[in-house]
Amino acid sequence: MKKQLQRGFTLIELVMVIVILGVLAAVAMPKFTNLKVDAEQASATGLAGAIGSAAAIQFSLNAYNSTTYPYSTASACGTTYMTT
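All of the points below concern the structure found in this document. Keep in mind the model is a prediction, meaning the values are calculated, not measured.

The next thing to look at is the overall build of the chain. Counting its regular elements, the chain contains one helix and two strands. Secondary structure of the chain in N-to-C order comes out as α-β-β. In the structure as shown, the chain presents an accessible area of about 7,800 Å², 68% of it carried by carbon and sulfur atoms.

Laid out in structure tokens, this is it:
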């Protein structure tokens, strides 16, 4: 009798792969939930930086284009500046 070639995986091999994947998923799940909170905080920080930058650019444009009142005061982000 000829020996047949093995084709496919045995049931034990498939069960072991499923167990290993389950353990890896259980270990990795808390890390991914923490990444979601970190991403939300980073997004809020980026938005605050963009708003602050836009306010600073607008303030500098207003100061540059202000020729009517050469010594007027303007405020941006709660700080008063003297324009000359």
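There's plenty left to go through after this.
Another point: helix α1 (residues 11-65). The end-to-end C-alpha distance of α1, which contains 55 residues, comes to 78 Å, matching closely the 81 Å that a straight helix rising 1.5 Å per residue would cover. Along its length, α1 reaches its greatest deviation from straightness, about 30 degrees, at alanine 28, and the proline proline 30 lies no more than four positions downstream.

Calculation rules
Residues numbered from 1 in each chain as written. Predicted model: local features only at pLDDT ≥ 70, side-chain atom pairs only at ≥ 80, totals over all residues. Heavy atoms only, no water. Helix = DSSP H or I, 4+ residues; strand = E, 2+ residues; numbered from the N terminus. Areas by Shrake-Rupley, 256 points an atom, 1.4 Å probe, with all protein chains shown as cover. Expected span 1.5 Å × (residues − 1). Bend = angle between axes of the 7 residues up to and from the residue.

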